[in-house]
Amino acid sequence: MNTASASDSLRTFEAPAGVPVVDVDPYTDEFLTDPYDAHQRLREAGPVVWIPAYGIYACARHDSVHAVFNDHATYISGAGVGLANFNQETPFRPKSLILEADPPSHTKARAILARILSPKTVTQIRATFTAEAESLVDRLLVRQAAGETIDAVKDLSEVYPLKVFPDAVGVGEANRENLLLYGNMIFNAFGPRNERLQKSAELVQPVTAWIMAHCQRENLLPGGFGDLIYQAADAGEITHAEAPMLVRSFLSAGVDTTVNGIGNAVLCLANHPEQYALLRADHSLARPAFEEALRFESAVQTFFRTTSKDTELFGMQIPKDSKIVLFLASANRDERQWPVPERFDIQRRPVGHMAFGSGIHGCVGQVVARLEGEVVLAALAKRVSRFELLGAPKRRLNNTLRALASMPVRLIPV
Amino acid sequence: MPEVTLIDASGQSRTLQVPDGQSLMQAAVSAGVRGIVGECGGSAMCATCHVYVDEAFADRLPAPLETELEMLECTASERLPSSRLGCQIKLSAALDGLIVRLPERQQ
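Parameters and conventions
- Residue numbers restart at each chain and count upward from 1, following the sequence in its written direction.
- Labels follow written order: the first chain is A, the first ligand is 1, and so on.
- Owing to the predicted nature of the model, reporting of local features is limited to residues with pLDDT of at least 70; listing and counting of side-chain atom pairs is limited to 80 or more, with chain, interface and lining totals taken over all residues.
- Derived side-chain values reflect all non-hydrogen atoms in the structure, with water molecules and hydrogen atoms excluded from consideration.
- Helix numbering and strand numbering both begin at the N terminus, where a helix is a DSSP run of H or I of at least 4 residues and a strand a DSSP run of E of at least 2.
- Each radius of gyration reported is based on C-alpha atoms, and the globular scaling rule is 2.2 Å times the count of residues to the power 0.38.
- Relative accessible area decides the class of each residue, using a 1.4 Å probe on protein chains only: under 20% of the type maximum gives buried, over 50% gives exposed, and in between gives partly exposed.
- Should any heavy atoms of two residues lie within 4.5 Å, those residues are counted as being in contact.
- Note on areas: Shrake-Rupley, 1.4 Å probe, and residue coverage restricted to the protein chains presented here.
- In this charge count, Lys and Arg are treated as positive and Asp and Glu as negative; neither His nor the chain ends contribute.
- Where a charge lies is defined by one atom per residue type, namely NZ (Lys), CZ (Arg), CG (Asp) and CD (Glu).
- The rule for pairing is simple: two strands pair if DSSP sees at least two bridges between them.
- For helices, the fitted line uses only the C-alpha atoms of the stretch in contact; every axis is such a line through C-alpha atoms, and the angle between N-to-C directions lies from 0 to 180 degrees.
- Regarding the arc, it is the one traced by the directions from the helix axis to the C-beta atoms.
- Here, the term nonpolar core denotes a set of buried Ala, Val, Leu, Ile, Met, Phe, Trp, Tyr and Cys residues that are joined through side-chain atoms within 4.5 Å.
- Summed over both partners, the accessible surface that disappears when two parts come together, traced with a 1.4 Å probe, is what is meant by buried area.
- Think of a salt bridge as a Lys or Arg side-chain nitrogen and an Asp or Glu carboxyl oxygen that are within 4 Å of each other.
- Asp, Glu, Lys and Arg are counted as charged, while Ala, Val, Leu, Ile, Met, Phe, Trp, Tyr, Cys and Pro are counted as nonpolar; the rest, among them Gly, fall into the polar class.
- Between the rings of Phe, Tyr and Trp (Trp by its six-membered ring), a pair exists once the centres lie within 6.5 Å; its type follows the angle of the planes, with under 30 degrees stacked, over 60 edge-to-face, and the other angles tilted.

Undergrad: An account of the overall build of chain B is requested, with residue identities and associated values reported.
TA: Secondary structure assignment for chain B yields two helices and five strands. Counting from the amino terminus, helix and strand elements in chain B follow one another as β-β-α-β-α-β-β. Here chain B has a C-alpha radius of gyration of 12 Å; the compact-globule value for 107 residues is 13 Å, and the two agree. By principal-axis analysis of the C-alpha atoms, chain B measures approximately 30 × 30 × 25 Å. A buried classification covers 49% of the 107 residues belonging to chain B.

Undergrad: Give a description of the overall build of chain A that names residues and reports values.
TA: Scanning chain A from N- to C-terminus turns up 17 helices and twelve strands. Relative to its length of 414 residues, chain A is compact, with a C-alpha radius of gyration of 21 Å against a globular reference of 22 Å. Seen along its three principal axes, the alpha-carbon backbone of chain A occupies a region of about 65 × 50 × 35 Å. Put simply, 73% of the contacts in chain A that link residues at least 6 apart link residues at least 24 apart. With the model as given, the accessible surface of chain A reaches about 15900 Å², and the carbon-plus-sulfur share is 56%. Once the 42 positive and 47 negative side-chain charges of chain A are each reduced to a mean point, those two points are 3 Å apart.

Undergrad: How would you summarise the sheet that holds strand 4 (residues 150-151) of chain A if you had to cite specific residues and measurements?
TA: Residue and element names in this part refer to chain A. The antiparallel open sheet is built from three strands, whose spatial order is 4-12-9. If you trace the sheet from one side to the other, it starts and ends with strand 4 and strand 9 (384-389), each paired once. As paired strands, strand 9 and strand 12 (residues 408-413) are joined by five bridges and run antiparallel to one another. Bridge pairing in strand 12 links E388 to R410. Helix-sheet contacts for helix 5 (residues 119-145) involve strand 4, strand 9 and strand 12, and the interaxial angle to strand 12 is about 100 degrees.

Undergrad: Can you lay out helix 14 (residues 273-281) of chain A for me, pointing to particular residues and giving the numbers?
TA: Residues and elements named next belong to chain A. Listing the buried residues of helix 14 in full gives Q275, Y276 and L279. Seen end-on, helix 14 carries its buried residues on one side only, within an arc spanning 100 degrees. Seen from the buried face of helix 14, the exposed residues on the opposite side, beyond 90 degrees, are P273 and A281. On its buried side, helix 14 packs onto helix 13 (256-271), helix 15 (286-296), helix 17 (366-383) and strand 9.

Undergrad: I'd love a proper account of the nonpolar core, names of residues and values included.
TA: Counting residues in hydrophobic clusters, the biggest one holds 118 residues, and the most contacted among them are I229(A), L377(A) and L380(A). Among all residues touching L377(A), those that are not within four sequence positions of it are A265(A), V266(A), L269(A), L279(A), A286(A), A289(A) and F290(A). If you look at the next biggest cluster of nonpolar residues, it comprises 30 residues, including V351(A), V4(B), L6(B) and A44(B).

Undergrad: Any details on the interface of chain B and chain A? Residues and values, ideally.
TA: Facing 19 residues of chain B, the contacting portion of chain A comprises 17 residues. Of the roughly 1400 Å² buried between chain B and chain A on both sides combined, carbon and sulfur atoms contribute 51%. If you sort the residues of chain B by the area they bury against chain A, E39(B), M45(B) and C74(B) come out on top, with a joint share of 40%. Our count for the chain B to chain A interface comes out at three salt bridges. Across the salt bridge formed by E39(B) and R287(A), the nearest N and O atoms sit 2.6 Å from each other. Contributions of two or more residues to the side of chain B that touches chain A are made by helix 1 (24-30) and helix 2 (66-72) of chain B. Its residues assigned to classes, the side of chain B that touches chain A shows ten nonpolar, five polar and four charged.

Undergrad: Give me the lowdown on the environment of E158(A), citing residues and values where you can.
TA: Residue and element names in this part refer to chain A. Mapped onto the elements, E158 comes out in the loop between helix 6 (152-157) and helix 7 (159-169). Given a relative accessible area of 11%, E158 falls into the buried group. It is 22 Å that separates the C-alpha atoms of E158 and A329, two residues lying 171 residues apart in sequence. Residues in contact with E158, not counting those within four places in the same chain, are V153, L180 and V259.

Undergrad: How would you explain the packing of aromatic side chains if you had to name every residue and give the values?
TA: Residue and element names in this part refer to chain A. Following the criterion strictly, the structure yields ten aromatic pairs over all chains and no others. Pairing Y27 with Y54 gives two aromatic rings, centres 5.5 Å apart and planes at 85 degrees, and the pair type is edge-to-face. Of this pair, Y27 sits in the segment before helix 1 (29-33) while Y54 sits in the loop between strand 1 (49-51) and strand 2 (56-59), and the two are 27 residues apart along the sequence. Residue classification places Y27 among the buried positions, given a relative accessible area of 6%.

These figures capture arrangement, not role.
This is the structure in structure tokens:
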């Protein structure tokens, strides 16, 4: 019953002795719309707490989130990084070879992806990614001048990653928006089997065949990231049966994450014009500005681990095979870690934020994600003197992501 | 607490007292040392905490893991035989007095 929505039943799970209880449901519309007060309650209760609605342990402080991420032998990923415990129930899809795996098999897959997505690769793709960002912002200004209202989500934060990342992977131009439906479903699936997941699964169902087909070699352009996975298989580093599974990781983790990372960053800058003015005055702040936005509004809000043995965490006894939810976004606003965490400050050095996780499962695409964020913010800083939000931006509620549905804006040209 | 001295590309040096077990990158970032970025937070994912370890200490450090070696191929400044990632150097009594030089740039 672990994955039933709390609202489906009145059943709650009795707290283990001594563990502080926080009676929240992290998957209600209310929580997902504005999670930060609830995060603070979770942090105040202790480094390790119990959420009775789902019968799970939770860490919401920076030190406890960091500790769990960095002890991958005790807190494993192979039993799933969402609410479902794969030791007790069958995964809804074949397990990811990287996200839902542990050493030694994880190490092998990780090494291949880390090589493909390395800082060296970034130096090769930087010029193209920059040019695409600049030409996109130019086009938006032309469309706006012609009378169109620009939506910073639909026309910018969704469009940019959907152009550059599938280009780099080697996916053809047609029907790429299927990747947004797929990502939305995958990240909902780390939560409970609630209505939100069900609806996103219905939407993705007709395009599942397209997604799986684009994990196959014949649909991946030579020299792209996807093809490089198959070359690793040719070299015997992984099997040819494993190759499409690793390509799948690009398609599931590489788009909806950066879409919302960029969307949240633009929203942060629109809401904090004095910070945008700093960026306008010094374009080299584009990268630190994106970094601070990742801390301030983490695109991925939560991931889970499962205990591989009986253990103790900050004085709390946790039995083997327990699920623990880690609130990354809360760790990133922990007043024990960050001075005035609720202040968005692009000159902060938020080194050690948890938006990409930490340890051996830390986001393997993070240097590419940072490149995308940096070049989009720099392109805006060069061409747009300020933003005006035309009405309140709309969130797209997702069980795991801090996502946006729309953000109509007026871009005031330089 | 073990001590570590960082000498930047212009020759400016700074000595830090570091809690046992903390990484060189964490210590430098916490102290506001600008020559170390540590963008990925210590996951050996970004190569922006590149340092050159003083010869006298070369043998006292554990050999780099595969992940660190891969990342050392991605440094913004020249990789030398003494190149290491600061996030992978954990300070301890055995490394007390460690001296590292910082590269000209990290990104």
